[in-house]
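Chain by chain, the residues:
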Amino acid sequence: MCDHKPIVTIDGPSGGGKSTVSRALAARLGFTYLDTGAMYRAVAYACQEQGVDPLHPDQLESLLETIRIELLPPAPGEDDVQVFVDGREVGRYLRTPEMGMLASTVSAQPLVRHKLTALQQQIGAAGRIVAEGRDTGTVVFPDAAWKFFLDASPEVRASRRATQLRSKGKAVDEQQLLAQIIKRDKDDRERTIAPLKAAPDALCIDSTGRPVDEVIGLMYDRVTSRPCCCE
Ligand code: DC
């Protein structure tokens, strides 16, 4: 009996290229792409919109009891998955550095992790997904057949994120972005519950100075050259 599931996990700090790589790898493999960060951002957005203090357990609990989060494939011509909160598409509000910081705060709350981990496991139950996040290889899908940890220097990550934001027409202060990235990494790595770290069986890849296509090719080769008995 096989102990693994046909799931690819890609974890790592913000701006390491996870989203681009995960999307492309999922498309090449014919797997579904699961953006777990979008779910934490969705909860952060709901807190902000409803005036809920994420550090107040009672307020957070009632929000989590009723919130409905759904992810759908990108709209035609778009790259990012569509994120619905209580039936309303809110994707455009989620992908800002400020919402990333709030998502990081929200994600350290056990109530939130409990709810979203269960939702992610439900989505991944049928396998054939590429899940990206911080804890997908360690906590959400510990029995995934292929695990990666994607890192790069903070400077390179800040510069990539700046390019990404500018391409969407947003003004960027690169120094501030770098400071936010360093703070978010520290918080994500040092939190007590499901911290950002590589699973012991993950292949760690440093994407500093590596073209994105090379990283995708490396992952694709690894997955296809080591087929899982679970498939
Ligand atoms: O990947 P991202 O930048 O969209 O993630 C936003 C925040 O959500 C990140 O700083 C920490 C949190 N997160 C998490 O704790 N666990 C995950 N699996 C994914 C994201």
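In this report, we go over the structure that sits alongside the text. Nothing here was measured: the structure is a model prediction, and the numbers come from that model.

The rules we used
- Residues numbered from 1 in each chain as written.
- Predicted model: local features only at pLDDT ≥ 70, side-chain atom pairs only at ≥ 80, totals over all residues.
- Heavy atoms only, no water.
- 1 Å grid on protein atoms, 1.4 Å probe; cavity = no way out; pocket = protein on both sides within 12 Å on 5 of 7 lines; lining within 4 Å.
- Points joined across faces, edges and corners; volume = space filled by probe spheres on them.
- Helix = DSSP H or I, 4+ residues; strand = E, 2+ residues; numbered from the N terminus.
- Nonpolar A, V, L, I, M, F, W, Y, C, P; charged D, E, K, R; others polar.
- Phe/Tyr/Trp six-rings, centres within 6.5 Å; stacked < 30°, edge-to-face > 60°.
- Buried < 20%, exposed > 50% of the residue type's maximum accessible area, 1.4 Å probe, protein only.
- Pairing = 2+ DSSP bridges.

By volume, the largest pocket is sized at about 980 Å³. Lining of the largest pocket is provided by 49 residues; of these, G15, S19, R41, R161 and Q164 occupy positions nearest its centre. Those elements that place two or more of their residues in the lining of the largest pocket are helix 1 (18-29), strand 2 (32-35), helix 2 (36-50), helix 5 (97-107), strand 6 (129-133), helix 8 (154-167), helix 9 (174-190) and helix 10 (212-225). It is helix 5 that provides the largest number of residues to the lining of the largest pocket, a total of six residues. Partitioning the lining of the largest pocket into residue classes produces 15 nonpolar, 16 polar and 18 charged.

Right, let's talk about the packing of aromatic side chains for a bit. If you walk through the whole model with that rule in mind, you get two aromatic pairs. Relative to W146, the ring of F31 has its centre 6.5 Å away and its plane inclined at 50 degrees; by these criteria the two rings are tilted. Of this pair, F31 sits in the loop between helix 1 and strand 2 while W146 sits in strand 7 (residues 144-151); the two residues are 115 residues apart in sequence, bridging distant segments of the chain. We note that F31, like W146, is buried. Centroid distance Y45 to Y93: 5.6 Å. Interplanar angle 5 degrees. Geometry classified as stacked. Residue Y45 is located in helix 2, and its partner Y93 is located in helix 4 (residues 91-94); the two are separated by 48 residues in the primary sequence.

Quick look at unusual backbone geometry now. A positive phi angle, close to 55 degrees, is found at R128, a residue other than glycine. As for its position among the elements, R128 is in the loop between helix 6 (110-124) and strand 6. R128 sits in the partly exposed class, given a relative accessible area of 39%. The backbone of A194 shows a phi angle near 45 degrees, a positive value even though the residue is not glycine. Mapped onto the fold, A194 is located in the loop between helix 9 and strand 8 (203-206).

Another aspect to go through is the sheet that holds strand 3 (residues 69-72). The three strands are arranged 3-4-5 in an open sheet whose pairing can be described as antiparallel. Among the strands making up the open sheet, the edge pair consists of strand 3 and strand 5 (88-89). In terms of strand pairing, strand 4 (residues 82-85) meets strand 5 through two bridges, oriented antiparallel. Looking at the pairing, V85 lines up with R88 of strand 5.

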